[in-house]
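Given next are the chains, with one letter for each unit.
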Amino acid sequence: MPPVPHASLIVRGLLLLIVAAGVYFFRGFLVPVLAALIIGFASWPLYRRGVRACGGNTTLAASLALVIVIVVLIVPLTLALHYALKEASGFVTWLLDVNRNGAPPPPWIEALPWVGKTLAIYWREHLGEPQALGDWIQILSGQHIGNIYRTVLSATGDIVNLALTVLFMLITLFFVYKDGAHIADQLDGIGERILPLQWQRFSRVVPATVSATVTGLGLIAVGEGVVLGVAYWIAGVPSPVLLGVVTGFMALIPGGAPLSFSLVSLYLVGSGHLWAGAGLFTWGAIELFIVDKTLRPRLVGGPVKLPFLPTFFGLVGGVTTMGIVGLFVGPVLMALLVAIWREWLHSLNQASALPGVLPPEADPPRDS
């Protein structure tokens, strides 16, 4: 008679199958759940103050917190995305016209100091002829310029999917606020059983890392995009909303914000607006100095120093797998991986530094 499997093994196998089936069927909700958890982690200290102000009523506090998130975060980002898409569609229309008829080099390129004449020659050779721009775009991206234009036009369908994602995120965020304390207690119980030695440190590092990354990357990037976008509008730059959104996205990458306003300043100088370009560059440098030396240390309070390569991989991987939401989810996940890796190394160093603990490969000393 063949041996009967132990009952506990059968139960564990069934539990694993149920968990795998749940992950498979609900994988479409992964993005809004991750976004809700990130916002909840980052705003949890402020939410706890709101709970105390509401007399411990978590339902009322969660409702008020959700309204604040919608007014402060969702509505401004939606308006900025709307105007940015309108300006981007106009820019793509101009590109189609340039590709159809060709275009001489703009005067501001020829007026650039030192490199203007050389760039104008390259422009006439490679972009001045009809269909030349489409050939270059196809070489660089592998897609025809018409396909890119159709992609921009079909963005309205993606906006519907994005709206549904935001709706599911807000619903999840409400319950994260309302039941977050109970969920944290349950996770602490499971974590202390699985990782009895490391869980206390990990349970403190993960919320601090998420809050620091969201504040240090997300909120400050949004603030830089808004401030520099207003500066672009004051300086008279075309499409200031689109450039402000691009600057905000570039600010997620170390060195992206100064590169953005430096290029826009060069455009103003080449267009004959010397003082506007110089003023924009000076304002951007001052704003960057204030953010890096004053606001970022105060807001973040000792964040995990995320290197350039994990930040870049988090941004690209997040956008590829999760779309716009991945711009924030990707760097947060990379920051968590870096923080867990550093905590693991820290625990190994502490264990090796304890007296009486020998490395695994070392033999104990023998009495002579």
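In this text the structure is predicted, and so the values were computed from the model without any measurement. Within each chain, residues carry numbers counting from 1 in the order of the written sequence. Where totals are concerned, whole chains, interfaces and linings use all residues; where local detail is concerned, this predicted model gives features only for residues with pLDDT of at least 70, and gives and counts side-chain atom pairs only at 80 or more. Hydrogens are left out, water is left out, and the side-chain values use all remaining heavy atoms of the structure.

Novice: I'd like to hear about unusual backbone geometry, residue by residue, with values.
Specialist: The backbone of Ser-239 shows a phi angle near 55°, a positive value even though the residue is not glycine. For Ser-239, the position within the fold is in the loop between helix H9 (199–235) and helix H10 (240–250). Runs of E in the DSSP output that reach at least two residues are strands. Runs of H or I that reach at least four are helices, and both are numbered from the N terminus.

Novice: Pulling in residues and values, what's your account of helix H11 (residues 256–270)?
Specialist: Here H11 spans 21 Å end to end across 15 residues, near enough to the 21 Å set by a 1.5 Å rise per residue. Those residues of H11 lying buried are Gly-256, Ala-257, Ser-260, Phe-261, Val-264, Ser-265, Leu-268 and Gly-270. After H11 finishes, the residue Gly-272 shows a positive phi value of roughly 95°. Any helix carries an expected span of 1.5 Å times its number of residues minus one. Exposure is judged per residue with a 1.4 Å probe applied to protein chains only, and the accessible area is read against the type maximum: over 50% gives exposed, under 20% gives buried, and values in between give partly exposed.

Novice: Explain the packing of H10 against H11 residue by residue, including any values.
Specialist: Lines fitted to C-alpha atoms define the axes, with helix axes restricted to the stretch in contact, and inter-axis angles between N-to-C directions lie between 0 and 180 degrees. Interaxial distance between H10 and H11 falls to 7 Å at its minimum, and their mutual angle equals 150°. As far as their axial angle goes, H11 and H10 are roughly antiparallel. Crossing of H10 over H11 shows right-handed handedness. Residues Leu-243, Thr-247 and Met-250 of H10 pack against Gly-256, Ala-257, Leu-259, Ser-260 and Val-264 of H11. Split by residue class, the contact of H10 with H11 holds 5 nonpolar, 3 polar and no charged. When describing relative orientation, an angle under 35 degrees is termed roughly parallel and one over 145 degrees roughly antiparallel, while 65 to 115 degrees is termed roughly perpendicular and anything else oblique. With the far helix as reference, a near helix turned anticlockwise by less than a right angle produces a left-handed crossing, and one turned clockwise produces a right-handed crossing. Any pair of residues with heavy atoms lying within 4.5 Å of one another is described as a contacting pair. Each residue gets one label: Ala, Val, Leu, Ile, Met, Phe, Trp, Tyr, Cys and Pro are nonpolar, Asp, Glu, Lys and Arg are charged, and the others, such as Gly, are polar.

Novice: Please give an account of the confidence of the model for the protein chain that cites residues and values.
Specialist: The pLDDT averaged across the protein chain works out to 76; a share of 79% of its residues lies at or above 70. The pLDDT value tells you how sure the predictor is about a given residue, anywhere from 0 up to 100. Every residue in residues 357–363 scores below 50 in pLDDT, and together they form 4 contacts with partners more than four places removed in sequence or on other chains.

Novice: Give me the lowdown on the environment of Gly-191, citing residues and values where you can.
Specialist: Note on placement: Gly-191 falls in helix H8 (residues 155–194). Along the backbone, Gly-191 and Phe-202 are 11 residues apart, and their C-alpha atoms lie at a distance of 9.2 Å. Once residues lying within four places of it in the same chain are set aside, the contact partners of Gly-191 are Pro-196 and Trp-199.

Novice: Provide a residue-level description of the side chain of Glu-287, including the pertinent values.
Specialist: As for its placement among the helices and strands, Glu-287 is situated in helix H12 (residues 274–300). Those residues in contact with Glu-287 that sit more than four places away from it in its chain are Glu-224, Val-227 and Leu-228.

Novice: Summarise helix H3 (residues 58–101); cite the residues concerned and give the values.
Specialist: Three or four residues apart is the spacing at which side chains of an α-helix point the same way, because the helix has 3.6 residues per turn. Helix length check: H3 (44 residues) gives 62 Å between terminal C-alpha atoms against 64 Å at 1.5 Å per residue, within 8%. Note that the bend at a residue is defined as the angle between axes fitted to the seven residues ending at it and the seven residues starting at it. At Ile-70, H3 shows its strongest bend, of approximately 35°. For this analysis, a polar contact is any N or O atom pair within 3.5 Å, provided that within protein one partner can donate a hydrogen and the other can accept it, and provided that sequence-adjacent residues contribute only side-chain to side-chain pairs. The distance from a side-chain oxygen at the start of H3 to the backbone nitrogen of Thr-59 is 3.2 Å, and the residue carrying that oxygen is Asn-57. After H3 finishes, the residue Gly-102 shows a positive phi value of roughly 80°.

Novice: An account of the pattern of salt bridges is requested, with residue identities and associated values reported.
Specialist: A pairing counts as a salt bridge when a side-chain nitrogen of Lys or Arg comes within 4 Å of a carboxyl oxygen of Asp or Glu. If you walk through the whole model with that rule in mind, you get 1 salt bridge. A salt bridge links Asp-179 to Lys-178; the nearest nitrogen and oxygen atoms lie 3.4 Å apart. The partly exposed category is assigned to Lys-178, whose relative accessible area is 26%.

Novice: Summarise the packing of aromatic side chains; cite the residues concerned and give the values.
Specialist: For any two aromatic rings, the description comes down to two numbers: the centre-to-centre distance and the angle of the planes. Centre distance within 6.5 Å is the pairing criterion for rings of Phe, Tyr and Trp, where only the six-membered ring of Trp is used; planes under 30 degrees apart are then read as stacked, over 60 as edge-to-face, and the remainder as tilted. Scanning all chains against the criterion turns up 4 aromatic pairs. Geometrically, the ring pair formed by Trp-44 and Tyr-47 is tilted, given 5.0 Å between the ring centres and 45° between the ring planes. Pair noted here: Trp-44 and Tyr-47 are both in helix H2 (residues 30–53), with a separation of 3 residues, about one helical turn. Relative to Phe-175, the ring of Phe-174 has its centre 5.2 Å away and its plane inclined at 85°; by these criteria the two rings are edge-to-face. One aromatic cluster in this structure is built from Trp-44, Tyr-47 and Tyr-177.

Novice: Explain the packing of H2 against H3 to me, and be specific about the residues and the numbers.
Specialist: Two elements in contact, H2 and H3, have axes separated by 10 Å at closest approach and are oriented at 125°. Comparing their axes, H3 and H2 come out oblique. Like other packed secondary-structure pairs, H2 and H3 cross with a definite hand, here right-handed. Contact with H2, carried on its side by Ile-39, Tyr-47, Gly-50 and Val-51, involves Thr-58, Ala-61, Ala-62, Ala-65, Val-69 and Leu-73 of H3 and no other residues of that element.

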